[in-house]
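Coordinate analysis (summary)
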Amino acid sequence: MSHLRFLWAKLTQNETALAEFGLTETELLSRLAEKSVAVVGNARALGQTAHGAQIDSADIVIRINSAPMPNAKSHGRKTTWMAVSTPPSKETLANRASSLILWMTPKRKRLGWNIPRDFSFYLNRSNDWVRLSAALGTRPTTGVMIIDLLSRSKARKIDLYGFDFFASLSLSGERQAEQVPHDFDRERVFIDALLASDPRVHLHKMNA
């Protein structure tokens, strides 16, 4: 019956019904309160760093989409949550052993029943996507969406790794910047403003 309700909610685009399969925003934010959080982006340059141990020391480690982890020295071993806009493969879900999946994109048709069925789950609100898209003037990446969400929490510390705004391309694909529907210069400006206004947020460089 739950599966049928889920399918019907997707078919009818009933946001409220879909959200009922997961955590409320209040419940999610309560899990972040006073926690240190590491957000691991997918920039290829992260593979040349030694940030792994520092990433793993965070209370909550959030990895993005296919969550590539080429080596423990640069990327760490720990995955607490996954923030996704495409369905992770069964292998990725099994290997990362995430305790929570955050579905960030407003494209609900891609959301499979296996995620709310098998995992603690959060559906990013469509109005948050609309607000962020308006602020950027373009479609936001999964990374910027999760950073925006974290900035509204009471997390104690928010560390960003593997974000160079596509300068070194992405570990999760072969596309060039002009082939993806994002404006990385605008995202850089958005993150720079957040760094300047929120002392909890720190962007780790790729030269260490």
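Residues numbered from 1 in each chain as written. Predicted model: local features only at pLDDT ≥ 70, side-chain atom pairs only at ≥ 80, totals over all residues. Heavy atoms only, no water.

1. A few points about the environment of Phe121
In this fold, Phe121 is placed in strand β5 (residues 120-123). Among residues more than four places away in sequence, those in contact with Phe121 are Leu18, Phe21, Gly22, Leu23, Leu100, Ile101, Trp103, Leu111, Ile115 and Pro116. (Helix = DSSP H or I, 4+ residues; strand = E, 2+ residues; numbered from the N terminus. Contact = heavy atoms within 4.5 Å.)

2. Focus on the packing of helix α8 (residues 126-136) against helix α9 (residues 142-151)
Where α8 meets α9, the axes come as close as 11 Å, and the angle between the chain directions of the two elements is 110°. One element, α8, and the other, α9, form an angle in the roughly perpendicular class. With respect to the hand of their crossing, α8 and α9 are arranged in right-handed fashion. Together, Trp129, Arg131, Leu132 and Leu136 of α8 and Val144, Met145 and Asp148 of α9 make up the contact between the two elements. Among the residues forming the contact of α8 with α9, the class breakdown is 5 nonpolar, no polar and 2 charged. (Axes fitted to C-alpha atoms, helices over the stretch in contact; angles between N-to-C directions. Parallel < 35°, antiparallel > 145°, perpendicular 65-115°, else oblique. Left-handed = near helix turned anticlockwise from the far one by under 90°. Nonpolar A, V, L, I, M, F, W, Y, C, P; charged D, E, K, R; others polar.)

3. So, the environment of Gly162
Within the element layout of this structure, Gly162 appears in the loop between β6 (157-161) and α10 (184-197). When its relative accessible area of 4% is taken as the criterion, Gly162 is described as buried. When the C-alpha positions of Gly162 and His204 are compared, they lie 7.7 Å apart, and in sequence the two are 42 residues distant. With residues up to four places along the chain from it excluded, the contact list for Gly162 reads Gly41, Asn42, Ala43, Leu46 and Met206. (Buried < 20%, exposed > 50% of the residue type's maximum accessible area, 1.4 Å probe, protein only.)

4. Details of α10
Given a rise of 1.5 Å per residue, 14 residues ought to cover 20 Å, and the 20 Å separating the end C-alpha atoms of α10 matches this to within 8%. The set of residues buried in α10 consists of Phe184, Glu187, Ile191 and Leu194. The arc that holds the buried residues of α10, viewed along the axis, is 75°, so those residues lie on one side. Residues of α10 that are exposed and point over 90 degrees away from its buried face: Asp185, Val189, Ala196 and Ser197. Close packing links the buried residues of α10 with α8, α9, β6 and β7 (201-203). Residue Asp183 occupies the N-cap position of α10, its side-chain oxygen lying 3.2 Å from the main-chain nitrogen of Asp185. (Expected span 1.5 Å × (residues − 1). Arc of directions from axis to C-beta. Polar contact = N/O pair within 3.5 Å; in protein donor to acceptor, adjacent residues only side chain to side chain.)

5. Regarding the sheet that holds strand β1 (residues 36-40)
If you trace the 7 strands from one edge of the open sheet to the other, you get β5-β4-β3-β2-β1-β6-β7, paired in parallel fashion. For this open sheet the edge positions go to β5 and β7, each flanked by a neighbour on one side alone. Averaged over neighbouring strand pairs, the angle between their axes works out to 20° when direction is ignored. (Pairing = 2+ DSSP bridges.)

6. Thoughts on the packing of α9 against α10
Packed helix pairs are specified by the crossing angle of their axes together with the interaxial distance, meaning the distance between the axes. Viewed as axis vectors pointing N to C, α9 and α10 meet at an angle of 20°, and their least axial separation amounts to 11 Å. On the basis of their axis angle, the class for α9 and α10 is roughly parallel. Note that α9 runs across α10; the crossing there is left-handed. On the side of α9, the interface is formed by Val144, Ile147, Asp148 and Ser151, while α10 contributes Glu187, Phe190, Ile191 and Leu194.

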